[in-house]
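# Residue-level structure breakdown
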Amino acid sequence: MEFKSLKFPKEFIFGASTAAYQIEGGAYEDGKGLSIWDTFCKQPGRILNGDTGDEACDFYHRYKDDIKIMKEMGLDSFRFSISWPRVFPEGTGKVNQKGLDFYNSLVDELRAASIEPYLTLNHWDMPQSLQDQGGWLNKDTAKHFADYSRFMCENLSDRVKFWTTHNEPHCVASAGHVAGIFAPGHKDIKEGLQVTHNLNLAHGLAVQAMRQSGSAGNKYGIVLAVFPYYPATASIHDHRAAQRWDGYFSRCFLDPIFKGSYPEDMVEYFGDKFPEVTEQELSVISEPIDMLGINCYFRRIIENDPKNAFIGGREFKPRDAAYTQMDWPIYPECLFEVLSMLDKDYDIPELYIIENGAAFHDEVSPDGKVHDARRTRYLHAHIEQAKRAVEQGINLKGYFVWSFLDNFEWALGYSRRFGIVYVDYPTQKRIVKDSGKWYSELLRYNQSLR
Ligand SMILES: OC[C@@H]1[C@@H](O)[C@H](O)[C@@H](O)c2nc(CNc3ccccc3)cn21
């Protein structure tokens, strides 16, 4: 496929993203402690088909072969997360040396393959033992997270330069503590808002801790899901609903981190459910960061819905749009619009698209290949929007596709495939999909211009 319209600056990096609980497996192996997702998956009815991350893609054992695929594909960078309980089985205290050995080896193998590691410290799999002490509702957990982050930085930052604290903290707070569809499965608005604040605090404490101990030149940041929010109609009620969704899901993280204060409209809207916040805590949360990772897959069209007790709205699904298997509307301009908003409204040194991709029903054809043309079209259209942002002078430094491998899709188990590499779970065989081959050609084209 012609790539001239997808020519990027030579320092622009292309990667692929994953997360520990979704790919590693080895959930009970080599001294790893329980995570809240290990526990959650065992609760009947929580996960479609009763799926768990017990084995997942068996990346814990197969990472060397997977890195060979990454190298053949030409990835510049690989984003992964650390399973906190694999290194600290109790969340604090005694280190599981085999857990640390795994991540040291993973990083060594990536660097040997000239692939830049891009690390996330919390992609939702909190140690169960800390959950037993209140989890993110307990502010002590923020301190434990900072200690864990410092430790990982001390051990890996000679080879890992990109460090992000949380992946999508809003998901932990809202899906995990308000909607109850993610671990730990709580349903309490006030709790969800307190967790929102405590996650922001944990982020700031971790950045401060890593900055004290990490190598010079490290870049610290966070990964947030940021979408364009549209009102379903011109009605003021839908406009206000869309503003509330943007207010909570985006600005209750962006504003304290980059502006040192929570959005006033959100503090007002949530009233006495909003947590107590001190100036000292806001000072910690707004510890300057070097980069912001963005997860953006689609735009969210919101209509007013007073029955939604949390945020007073619901997603509207226009009939004239095309949808992925997640029932997410396909709207490639979402990347350009989000990047433009961030560039206009915030002072962010560097931006990375850390997750963008699509789930479609994939199957292995009789020729043994996976002809996922829809995913290739999705990636092409969205990467074009990333290019558009770069051409506008927005400081976008990289694009990572979600995901490198088909993997465990949280409450939907293995029913959704996002990978550019197909995983046949019964055999753990990998098949590079047509979209993976296309992505590789794109990377090779850009590398040839460097
Ligand atoms: O669902 C695909 C991925 C998921 O596997 C990753 O672990 C997670 O980081 C992730 N975030 C999004 C986008 N976030 C989102 C938030 C609210 C509603 C819908 C999507 C998609 N994904």
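First things first, this report covers the structure right here in the doc. What you see as residue numbers is a count from 1 along each chain, following the sequence as written. Residues qualify for local features only when their pLDDT is at least 70, as the model is predicted, and side-chain atom pairs are given and counted only at 80 or more; totals for whole chains, interfaces and linings, by contrast, use all residues. Computation of side-chain values: all heavy atoms of the structure, hydrogens and water removed.

Before going further, it helps to examine the overall build of the protein chain. Only DSSP runs of H or I covering at least 4 residues are called helices, and only runs of E covering at least 2 are called strands; the numbering of each starts at the N terminus. Helix and strand counts for the protein chain come out as 15 helices and 13 strands. A globule of 450 residues ought to have a C-alpha radius of gyration of about 22 Å, and the protein chain, at 21 Å, matches this closely. Considering only C-alpha atoms, the protein chain reaches an extent of 60 × 55 × 45 Å along its principal axes. When each of the 450 residues of the protein chain is scored for burial, the buried share is 62%. As displayed, the protein chain has an accessible area near 16,900 Å², and 50% of this comes from carbon and sulfur atoms. When charges are counted, neither His nor the chain ends are considered; positive counts come from Lys and Arg and negative counts from Asp and Glu. Working definition for charges: the position is that of NZ of Lys, CZ of Arg, CG of Asp or CD of Glu. If you average the places of the 51 positive and of the 63 negative side-chain charges in the protein chain, the two averages end up 3 Å apart. Both definitions apply: the radius of gyration is a C-alpha atom measure, and the globule rule equals 2.2 Å times residues to the power 0.38. Relative accessibility under 20% of the residue-type maximum defines a buried residue, over 50% an exposed one, and the middle range a partly exposed one, all with a 1.4 Å probe and only protein chains included. Only the protein chains shown count as cover for residues, with accessible areas throughout obtained via the Shrake-Rupley method and a probe of 1.4 Å.

What follows is about the pairing of strand S7 (residues 291–295). The element S7 is extensively covered by neighbouring structure, given that five of its five residues are classed as buried. Where burial is concerned, the two faces of S7 agree: the one with Met291, Gly293 and Asn295 and the one with Leu292 and Ile294 are both buried. Bridge count for strand S5 (residues 219–225) against S7 is five bridges, and the pairing is parallel. Within S7, the residue paired with Ala225 across the bridge is Asn295. Here the rule is simple: two strands pair whenever DSSP picks up at least two bridges between them.

The next thing to look at is the sheet that holds strand S9 (residues 313–315). Strands sit in the order S6-S8-S9 across an open sheet of three strands; the sheet is mixed. Among the strands making up the open sheet, the edge pair consists of strand S6 (229–231) and S9. The mean inter-strand angle of the sheet, taken between neighbouring strand axes irrespective of direction, is 40°. A contact between two residues is defined here by any heavy atoms of the two lying within 4.5 Å. The convention used is that axes are lines fitted to C-alpha atoms, helices contributing only their stretch in contact, and that angles between N-to-C directions extend from 0 to 180 degrees. In the packing of helix H10 (residues 236–259) onto the sheet, the strands contacted are S6, strand S8 (300–304) and S9, and the crossing angle to S8 comes to about 125°.

To continue, consider the site of the ligand. As a structural note, the neighbourhood of the ligand is formed by 17 residues, with Gln22, His123, Glu168, Glu355 and Glu409 the closest of them. Glu168 is positioned with one of its side-chain polar atoms (N or O) 2.5 Å from a nitrogen atom of the ligand. Any pair of nitrogen or oxygen atoms within 3.5 Å is treated as a polar contact; in protein, a donor-acceptor pairing is required on top of that, and neighbouring residues in sequence qualify only through side-chain atoms on both sides. Glu409 places a polar side-chain atom, nitrogen or oxygen, 2.7 Å from an oxygen atom of the ligand. For the ligand, the accessible surface in isolation is 490 Å², of which the surrounding protein chains cover 90%. When atoms are counted within 2 Å of each cavity's grid points, the one that captures over half of the ligand is the largest pocket. When residue character is reported, Ala, Val, Leu, Ile, Met, Phe, Trp, Tyr, Cys and Pro are called nonpolar, Asp, Glu, Lys and Arg charged, and the others, Gly included, polar. For the shell around the ligand, the residue count by class is eight nonpolar, five polar and four charged. Whether a residue is near a molecule or strand depends on its heavy atoms: it is near if one of them lies within 4 Å of it. Cavity: a set of points on a 1 Å grid over the protein atoms alone where a 1.4 Å probe fits but cannot get out. Pocket: an open set with protein on both sides within 12 Å along at least five of seven lines, its lining residues, like those of a cavity, having an atom within 4 Å of a point. By definition, a pocket or cavity contains a molecule when more than half of the molecule's atoms lie within 2 Å of the pocket's grid points.

To form a nonpolar core, buried Ala, Val, Leu, Ile, Met, Phe, Trp, Tyr and Cys residues must be joined to one another through side-chain atoms within 4.5 Å. Membership of the largest hydrophobic core comes to 143 residues, with the highest contact counts inside it found for Trp37, Tyr248 and Tyr439. Among the elements that line this core, the one with the most residues is H10, at 10 residues. Setting aside chain neighbours within four positions, we find Tyr248 in contact with His170, Ala173, Ser174, Gly192, Leu193, Thr196, Phe253, Met266, Phe270, Phe310 and Ile311. Counting residues in each nonpolar core, the second largest holds eight residues, with Tyr118, Phe162, Met291 and Tyr352 among its members.

A few words on empty space enclosed by the protein. Grid points are joined across faces, edges and corners, and a volume is the space filled by probe spheres set on the points. Counted under the stated rule, the structure contains three cavities of 30 Å³ or more. The wall of the largest cavity is formed by Ala20, Tyr21, Glu24, Gly25, Ala27, Lys32, Ser35, Asp38, Gly53, Ser83, Arg86 and Asp125. Of the residues assigned to the lining of the largest cavity, the class counts are three nonpolar, four polar and five charged.

So, about the environment of Gln325. Considering the arrangement of structural elements, one finds Gln325 in the loop between S9 and helix H13 (333–345). With 47 residues separating them along the chain, Gln325 and Thr278 place their C-alpha atoms 43 Å apart. Residue contacts for Gln325: discarding those within four places in its chain leaves Ala359, Phe360, His361, Ser415, Arg416 and Arg417.

This part takes up the sheet that holds strand S11 (residues 396–402). With respect to topology, eight strands assemble into a closed barrel ordered S1-S2-S3-S4-S5-S7-S10-S11, the strand pairing being parallel. Strand-to-strand twist of the sheet, defined as the mean angle between neighbouring strand axes without regard to direction, takes the value 25°. Contacting strand S2 (77–81) and strand S3 (116–122), helix H5 (residues 97–112) crosses the sheet at an angle of about 170° to S2. Packed onto the sheet, H10 meets S5 and S7 and runs at close to 160° relative to S5.

The subject of this paragraph is H10. The periodicity of an α-helix, 3.6 residues per turn, causes residues three or four positions apart to be oriented the same way. Expected helix span is computed as 1.5 Å times (number of residues minus one). In this model H10 runs just 27 Å from its N-terminal to its C-terminal C-alpha over 24 residues, more than 12% under the 34 Å that 1.5 Å per residue would give. Here the bend at a residue is taken as the angle between two axes, fitted respectively to the seven residues that end there and the seven that start there. At Arg251, H10 shows its largest kink, close to 55°. Most of H10 is tucked away, with 17 of its 24 residues classed as buried. Downstream of H10 by one or two residues, Gly260 has phi in the positive range, about 75°.

The rule is short: rings of Phe, Tyr and Trp, with Trp giving its six-membered ring, pair when the centres are within 6.5 Å, and they are stacked under 30 degrees, edge-to-face over 60, tilted in between. Across all of its chains, the model carries 54 aromatic pairs by this definition. Ring plane angle 70° and centroid distance 5.1 Å describe the contact between Trp37 and Phe40, whose orientation is recorded as edge-to-face. In this pair, Trp37 and Phe40 are both assigned in helix H2 (residues 36–41), three residues apart and thus about one turn of the helix distant. Both rings, one in Tyr297 and one in Phe418, keep their centres 6.2 Å apart while their planes meet at 80°; by these two values the pair is edge-to-face. Of this pair, Tyr297 sits in the loop between S7 and S8 while Phe418 is found in the loop between S11 and strand S12 (421–424), placing the two residues 121 residues apart along the sequence. Here the aromatic cluster, defined as three or more aromatic residues joined through ring pairs, consists of Tyr21, Trp37, Phe40, Trp124, Phe182, Phe408, Trp410, Tyr414 and Tyr425.

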